[in-house]
Amino acid sequence: MPNTTGQKKSTLRFYTETIEVSRLSAHAFFAAGDENYKGKRFFWQNKEKTFTLVGLGHAHTIANELEENRYQDIASKWKELCQLSLKEKADVSPILFGGFSFDPFNRISSEWDTFPSAFFTLSTFQLVIRNEQAFVSIHLITDEENSMDTFEQLRIERDALIHTSQVKELKNHAKSKLVEREDRLKEKYLQAVEDVTKRIQENEVKKVVIGRSLKLTFDDVFSSASVLYNTSIEQPESYLFGLERDDKLFFGATPERLVKVEHGEALSAGIAGSIKRGETSIEDRQLGESLLADPKNLAEHKYVVDMINKVFEQYCDEVKVPSRPKLLKIRDIQHLHTPIQGQLKNSASLFQLVEALHPTPAMGGEPREEAVAIIRESEQMNRGYYAAPIGWIDTEGDGEFAVGIRSALLENEHAYLYAGGGIVAESSSLEEFEETRVKFRPMLRTLGGNMNE
Ligand SMILES: C=C(O[C@@H]1C=C(C(=O)O)C=C[C@H]1O)C(=O)O
Ligand SMILES: [Mg+2]
């Protein structure tokens with residue numbers, strides 16, 4: 001029998017059942033949902049590859065169009081839902097996955113129009129792979145009388161999904177051919193960087209992250225499953241994420257943790273300041289060393305670390321911040337990196353930290369409100385979920401959010417790519433443009449677009 005509990009005042013019930021499965025590929029499981037769950041799937045894998053999460057179908061969605069209180073709204077609705085589920089210790093807990101838009105006050109109509117300010121889902125079929133062990137759970141939330149029949153149907157479907165995943169061969173699907181490339185707002189980007197640099201030099205603000213986007217058109221549509229698979233092969237050292245919403249897929253390979261909470265410990269990271277990788281290992285080392293000593297990049301970085309530190313001082317005890325950054329080297333780029341950790345104070349929660357941290361000066365700027373207002377006015381685009389928190393939370397309140405950079409929105413044969421960089425007093429618009437070119441590479445390579453403009 002599946003576990004079930006129901007509150008007396010509510011007729012809603014939350015049924016779950018988890019089984020352990022041997023040899024299950026997360027990408028194959030995602031692909032097995034092609035037929036029945038397209039548009040209602042998600043994918044997540046942490047950087048260390050010790051935790052992979054795939055969801056097929058929506059057992060329940062929690063979303064809102066709020067500008068204020070959007071984090072608390074999701075947190076309290078998730079809590080309500082968790083109260084319907086059994087508190088028993090299980091191998092895996094039901095997990096809520098989703099994300100927030102970068103700026104709920106941005107009203108520019110765009111490719112993001114169907115994405116709410118906050119969108120989260122509890123999947124019908126959940127795959128968790130943790131330390132080589134794979135668990136598939138069924139979630140059903142219903143007030144139906146004959147829910148046992150429905151549950152039985154779901155078991156049959158689960159077994160079919162597992163079977164398909166185990167026999168399906170994963171291929172690095174041929175990439176569609178790029179037919180058109182549009183550097184949206186390139187001139188506006190350069191102008192915005194110059195204007196913002198001036199405003200920073202005049203001490204109006206200290207740092208503002210300015211982004212731009214590319215629109216690519218291909219000769220054929222992509223399947224979400226093959227795009228995510230390609231991403232995992234091209235960018236193995238990053239977080240991998242994918243969130244489908246109807247005919248769109250927001251996906252990416254981000255190096256940047258916003259915050260992780262596990263057993264009362266909170267972890268975040270300042271990642272800002274960038275330089276390309278070298279052609280040879282000697283050049284690569286020289287570039288890395290020059291980044292570690294570069295005042296412009298150190299300034300970009302310090303605003304981020306100081307802000308995260310301040311948030312951690314408020315919500316955590318025993319905050320630890322290394323005194324200087326190290327290098328984080330990923331395939332195309334090297335960044336300055338400072339991990340930050342603390343012990344969550346009793347009353348603090350993951351969503352509180354997400355709210356307090358987003359956007360850090362790595363995505364927004366310093367001071368935050370002023371920087372976000374400048375972004376809204378000078379970028380002249382809608383970032384949607386780009387540069388915003390994406391991640392998961394379990395029934396215990398543990399979970400992890402990354403920032404959705406090195407990312408793209410896929411819509412049939414079109415892909416919208418986004419990249420930005422931190423503008424400070426010493427910025428030059430052409431150098432910042434060059435930096436965004438490097439940051440587009442992960443997605444260009446995944447989709448098969450030309451990497452040289
Ligand atoms: C905004 C982006 O990246 C951020 C900006 C960085 C910078 O300006 O040096 C570095 C890492 C990220 O924090 C992006 O990739 O789009
Ligand atoms: Mg930079």
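Remember, it's a predicted structure, so these values are computed and weren't measured experimentally. (Residues numbered from 1 in each chain as written. Chains lettered and ligands numbered in written order. Predicted model: local features only at pLDDT ≥ 70, side-chain atom pairs only at ≥ 80, totals over all residues.)

A.B. asks: Looking at this structure, how should I read the UniProt feature "domain: Chorismate-utilising enzyme C-terminal" (unreviewed entry) in the protein chain?
C.D. replies: The sites that carry the UniProt feature "domain: Chorismate-utilising enzyme C-terminal" (unreviewed entry) are, in the present numbering, residues 186-439. Taken end to end, residues 186-439 has its terminal C-alpha atoms 15 Å apart, with 35% of it in helix and 37% in strand. (UniProt positions renumbered as here; feature names shortened; annotations may be inferred. Helix = DSSP H or I, 4+ residues; strand = E, 2+ residues; numbered from the N terminus.)

A.B. asks: When you look at the site of ligand 1 in this model, what are you seeing that I'm missing?
C.D. replies: By nearness alone, 19 residues border ligand 1, and Ser274, Ala362, Gly420, Gly421 and Gly422 come closest of all. Elements that contribute at least two residues to the shell around ligand 1 include exactly strand 9 (207-218), strand 13 (265-276) and strand 21 (414-423). Here the shell around ligand 1 is built from residues that sort into eight nonpolar, seven polar and four charged. (Near = placed C-beta within 6 Å. Nonpolar A, V, L, I, M, F, W, Y, C, P; charged D, E, K, R; others polar.)

A.B. asks: Which parts of the structure should I look at to understand the environment of Thr52?
C.D. replies: Looking at the secondary structure, you find Thr52 in strand 4 (residues 51-64). Accessibility expressed as a C-beta count within 10 Å gives 21 for Thr52, which makes it buried. Taking the C-alpha atoms as reference points, Thr52 and Ile129, 77 residues apart in sequence, are found 5.0 Å from one another. Apart from the residues within four sequence positions on either side, Thr52 is in contact with Ala26, Trp44, Gln45 and Ile129. (Buried ≥ 20, exposed ≤ 12 C-beta atoms within 10 Å, placed from the backbone. Contact = placed C-beta atoms within 7 Å.)

A.B. asks: Would you mind going over helix 4 (residues 147-167) with me for this structure?
C.D. replies: In an α-helix, one turn spans 3.6 residues, which is why side chains three or four residues apart end up on the same side. With 21 residues, helix 4 ought to run about 30 Å at 1.5 Å a step, and its terminal C-alpha atoms sit 30 Å apart, in line with that. Within the span of helix 4, buried status applies to Leu154, Leu161, Ile162 and Ser165. Seen end-on, helix 4 carries its buried residues on one side only, within an arc spanning 95°. Of the residues in helix 4, the exposed ones pointing more than 90 degrees away from the buried face are Asp149, Glu152, Gln153, Ile156, Asp159, Ala160, His163 and Val167. Looking at the buried side of helix 4, the elements it contacts are strand 2 (13-21), helix 1 (26-32), strand 4, strand 6 (118-130) and strand 7 (133-142). (Expected span 1.5 Å × (residues − 1). Arc of directions from axis to C-beta.)

A.B. asks: What's the story with helix 11 (residues 429-447) in this structure? I'm lost.
C.D. replies: Here helix 11 contains 19 residues, and its C-alpha end-to-end distance of 27 Å stays within 8% of the 27 Å for a straight helix at 1.5 Å per residue. In helix 11, a bend of some 40° at Arg441 exceeds every other bend along the element, and Pro442, a proline, comes one to four places later. Three or more residues of helix 11 are buried, namely Glu432, Thr436, Lys439, Phe440, Arg441, Pro442, Met443, Leu444, Thr446 and Leu447. Immediately beyond the C-terminal end of helix 11, within one or two residues, lies Gly448, with a positive phi of roughly 90°. (Bend = angle between axes of the 7 residues up to and from the residue.)

A.B. asks: Mind showing me how you'd approach the environment of Gly252 here?
C.D. replies: Looking at where Gly252 falls in the secondary structure, it is placed in strand 11 (residues 248-254). For Gly252, a count of 28 C-beta atoms within 10 Å corresponds to the buried category. The residues touching Gly252, leaving out its near neighbours within four places in the chain, are Phe241, Gly404, Ile405, Arg406, Ser407 and Ala408.

A.B. asks: Where do I start with the pairing of strand 16 (residues 333-344) in this structure?
C.D. replies: Moving residue by residue along a regular strand, the side chains alternate between the two faces of the sheet. With ten bridges connecting them, strand 13 and strand 16 associate as antiparallel partners. Note on strand 16: the bridge partner recorded for Ile275 is Gln334. The pairing of strand 15 (residues 326-329) with strand 16 spans four bridges and is antiparallel. Bridge pairing in strand 16 places Leu327 opposite Leu336. In this structure, the hairpin formed by strand 15 and strand 16 is closed by a connection of three residues. (Pairing = 2+ DSSP bridges.)

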